[in-house]
Amino acid sequence: MEKKQLHKLLEQMTVEEKIGQLVQLTPNFFEETDGEGEITGPLMEWGMSKQELYNIGSVLGTHTISQTHQIQAAYLKNNRLGIPLLFMADVIHGYETIFPIPIALASSWSPELIEEMASLSAVESAEAGVHVTFSPMADLVRDPRWGRVMESSGEDTYLNSLLTAAYVRGYQGNPNKLNENFNKIAACVKHFIGYGASEAGRDYNTVDFSDLALYQDHLPSFEAALNAGAKLVMTSFNTIKGIPASGSQWLLKEVLRNDLNFQGLLISDWAAIAEMITHGVAVDKKEAALKALSASVDMDMMTDCYQSSLKELLKEGKITETTVDQAVLHVLQLKNDLGLFEDPYRGMKGKQQKAVTFSDSIQSTARELAAQSMVLLKNEHLLPLNSKKTVALIGPKAASQDILGAWSWIGKQSQAVTLKDALKKEYPDLLTAETDSLTKITSDEWETIKRVAAKADIVILALGESSEESGEAASKATIRLPEAQEQLVKSIKAINPNIVTVLFNGRPLVLEEIAENSSSLLEAWFPGTQGGPAIVDILVGRVNPSAKLPMSFPRNTGQIPIYYNHMSTGRPVTQQNKQEKYISKYIDVANEPLYPFGYGLTYTSFIIEDIKVSSTQLTEDTKIIITVNVTNIGRMIGKEIIQLYLHDVSAEVVRPVKELKKFRTVLLEPNQMQEVKFEITVEDLVYIHPDLKKSADKGFFEIFIGTESRAPKITEIEYV
Ligand code: GLC
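These numbers come from a predicted model, not from an experiment.

Student: Before we go on, may I ask you to explain the layout of surface pockets in this structure?
Tutor: Once rolled over the atoms, a probe with the size of a water molecule shows which space is left empty. Computed from the structure, the largest pocket encloses a volume of approximately 1,100 Å³. Lining of the largest pocket is provided by 31 residues; of these, H566, V573, N591, E592 and V657 occupy positions nearest its centre. A breakdown of the residues in the lining of the largest pocket according to their chemical character gives 14 nonpolar, 11 polar and six charged.

Here's what the structure looks like:
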């Protein structure tokens, strides 16, 4: 529809119809019964007329093609102007085929892989009538107690920005062709902003950081998403500078709408508008609605603040119809961008047999992506497995189908291929001792465990969390595995020290006990529908692990927040002063994490040599070329991620001791060498100054190059 036609449509709408477009509800409102559903906020008292229901703008959370079809058809029959509904859903890491959780996908450090995953998710969800996904989550995270780190791309702003943009490209394709490409969906980047910095890692908790931190650490990933064309933004639950995001005019109008020039649909998080009352910045729903609309929140997810108050606020002149019209136009524009006026079903195959969902090709891609997401944390000598060995598979996750992780939408655990099923294909004589509970081992189970552990050459020990232990509203003050699992690895070690531990978890864990007692340790995260086969591909060496941690693994919960790009402090710990007292350290635990950002092992080995630096001086219009030769000196083909970090020695504000600036992935045959080239320009030296403006200062910069964040310093350059 032409833009001017949208304005014509707007002119025909009554105030009630306009207000209705700014409301989003769950599907159960369309059931004749008073459906159960997760209704939060004041909605329970919301007596709604059928006509009001058939004026709403959007539905979130339909689960099937027929449900979506049915609701759209009923809606179009009853909506006076035939304005179609917008369907949104949490397609976070797959729709029916579930891919690894986002923190696992981030471990691949591959924007291409993320784009492919998002593209396949779009294919499956668009086919079921989804128009918008509430993804990517662009929140920067530094606290693994927060359950939603599983949805994140980790602790580094640069990597987070790269991967967030890749999600958007994968979901949307060309953002101007969503009205033709019906196998693409619109992306809603979230949660704007700072939700990942919830105090103490406790979900929905207070957030407070400086403007400098906002612009330096948290905003770039949202900028990257918007630059990639993200069609929607979702506000976060938390406060920013003492005001809940959904009611902050500074955050939403100045920073998002003006600075970032976002003119698309801004939707609240679930009940976030009404929750301004419980936050304590609104006395009632009417004041909450006034604050949210005045801050330019276009759509009210799952409360009746807008539905019940906007008409009165208009009458009282507290808001203008122009303000309402602006919000309605954002909604109509998105429906138009998606081609919904021409085809409200966007080519949905309706009740026809699904064409592509859960196809074999998607399954094999899911298996490949999962293998690229698993991080080898330790490997003394057992991996890759020797096919002639007798192998025992033991533990609570050995035969578990609880390997999809949180936010697995309509993915069915029953379709997940377990580690046991996959390993049995490789080792028909596999010995097994799977256990039921994550938190206890029965005496019968222990008898079987002892027997198979004694008989086997190698024990594969499958440990981890349940999917419910991470994700939303799943913060944990203790991030170790249960005592029973830590005890299990120690007890098995006394019988058979050849233990390969495979972890299924949604967050970095405190793993010292587990690592100490395992000869090899593979971080599988929640690997998704094809998780079992992907793990076996790694264990037997069909895939050489190449993933790298996107988030630090602490030695101890007390170290949190712990991240590689920290500040120096005035009293940093150095090799020379470790024994001194008055320096920034703990007296009971080392400062360093157990496994740092960027770390991950491989079955082969690489060396980096012949480092050449074209110049140690940089000017406004020159560049420095740094080349290194990377050689695979092992016996297996393998990938390595060469990482370049930078440290600004002296700036207007304190700068991180290291910042990831560039990385290159090389794939090398044994004995193959490849030259890797990095270009440094002034652009790489830019940072946020106290006036919140981006610029680079003259001065000295240290450069580090290696295969993880503990990369050695290779040179120092001067910007002159
Ligand atoms: C939830 C989450 C948000 C999600 C939304 C819709 O509370 O915070 O990430 O997209 O509600 O389910």
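Student: Where do I start with the pattern of salt bridges in this structure?
Tutor: Where charged atoms of side chains with opposite charge meet at close range, the side chains can pair. A complete count under the given rule lists 40 salt bridges for this structure. Between D537 and R367 there is a salt bridge, with the nearest N and O atoms lying 2.7 Å from each other. Here D537, found in helix 19 (residues 531–539), pairs with R367, found in helix 14 (residues 360–372); they are 170 residues apart in sequence, far enough to count as distant. The network of salt bridges with common partners includes K286, E312, E316 and K318.

Student: Teacher, can you tell me more about the sheet that holds strand 22 (residues 673–680) here?
Tutor: Hydrogen bonds between backbone atoms are what pair the strands of a sheet, whose relative direction is either parallel or antiparallel. Across the sheet, three strands lie side by side as 17-19-22; this open sheet has antiparallel pairing. The open sheet has two edge strands, strand 17 (606–613) and strand 22, and neither has a second partner. Between one strand axis and the next, the sheet turns by 25 degrees as a mean value, whatever way the strands run. As defined by bridge partners, strand 17 adjoins strand 19 (residues 624–632) across six bridges and the pair is classed as antiparallel. Looking at strand 19, one finds that V613 is bridged to I626.

Student: Just checking my understanding: could you explain the packing of helix 7 (residues 157–172) against helix 8 (residues 211–227) for this structure?
Tutor: A pair of packed helices is captured by two measures, namely the crossing angle of their axes and the spacing between those axes. Where helix 7 meets helix 8, the axes come as close as 7 Å, and the angle between the chain directions of the two elements is 20 degrees. In terms of their interaxial angle, helix 7 and helix 8 are classed as roughly parallel. Between helix 7 and helix 8 lies a crossing of right-handed hand. Note on element contacts: helix 8 touches helix 7 through Q216, D217, P220, S221, A224 and A225, opposite T157, N160, S161, T164, A165 and V168. Class assignment of the residues belonging to the contact of helix 7 with helix 8 gives a composition of five nonpolar, six polar and one charged.

Student: Is there a simple way to explain the site of the ligand in this structure?
Tutor: Taken together, 13 residues lie around the ligand, and D90, R148, K190, H191 and D269 are the ones closest in. One of the side-chain N or O atoms of K190 is found 2.8 Å from an oxygen atom in the ligand. Out of a free accessible area of 310 Å², the ligand has 94% covered by protein chains. Residues belonging to the shell around the ligand are distributed by class as follows: seven nonpolar, one polar and five charged.

Student: Sorry if this is basic, but what is going on with the side chain of T602 here?
Tutor: With respect to the helices and strands, T602 occurs in the loop between helix 19 and strand 17. Residue classification places T602 among the buried residues on the basis of a relative accessible area of 17%. Side-chain polar atoms of T602 contact the side chain of N544, separated by 3.0 Å. Of the polar contacts made by the side chain of T602, one reaches the backbone nitrogen of T604; its length is 3.2 Å.

Rules and cut-offs
Residues numbered from 1 in each chain as written. Predicted model: local features only at pLDDT ≥ 70, side-chain atom pairs only at ≥ 80, totals over all residues. Heavy atoms only, no water. 1 Å grid on protein atoms, 1.4 Å probe; cavity = no way out; pocket = protein on both sides within 12 Å on 5 of 7 lines; lining within 4 Å. Points joined across faces, edges and corners; volume = space filled by probe spheres on them. Nonpolar A, V, L, I, M, F, W, Y, C, P; charged D, E, K, R; others polar. Salt bridge = Lys/Arg side-chain N within 4 Å of Asp/Glu carboxyl O. Helix = DSSP H or I, 4+ residues; strand = E, 2+ residues; numbered from the N terminus. Pairing = 2+ DSSP bridges. Axes fitted to C-alpha atoms, helices over the stretch in contact; angles between N-to-C directions. Parallel < 35°, antiparallel > 145°, perpendicular 65-115°, else oblique. Left-handed = near helix turned anticlockwise from the far one by under 90°. Contact = heavy atoms within 4.5 Å. Near = heavy atom within 4 Å. Polar contact = N/O pair within 3.5 Å; in protein donor to acceptor, adjacent residues only side chain to side chain. Areas by Shrake-Rupley, 256 points an atom, 1.4 Å probe, with all protein chains shown as cover. Buried < 20%, exposed > 50% of the residue type's maximum accessible area, 1.4 Å probe, protein only.

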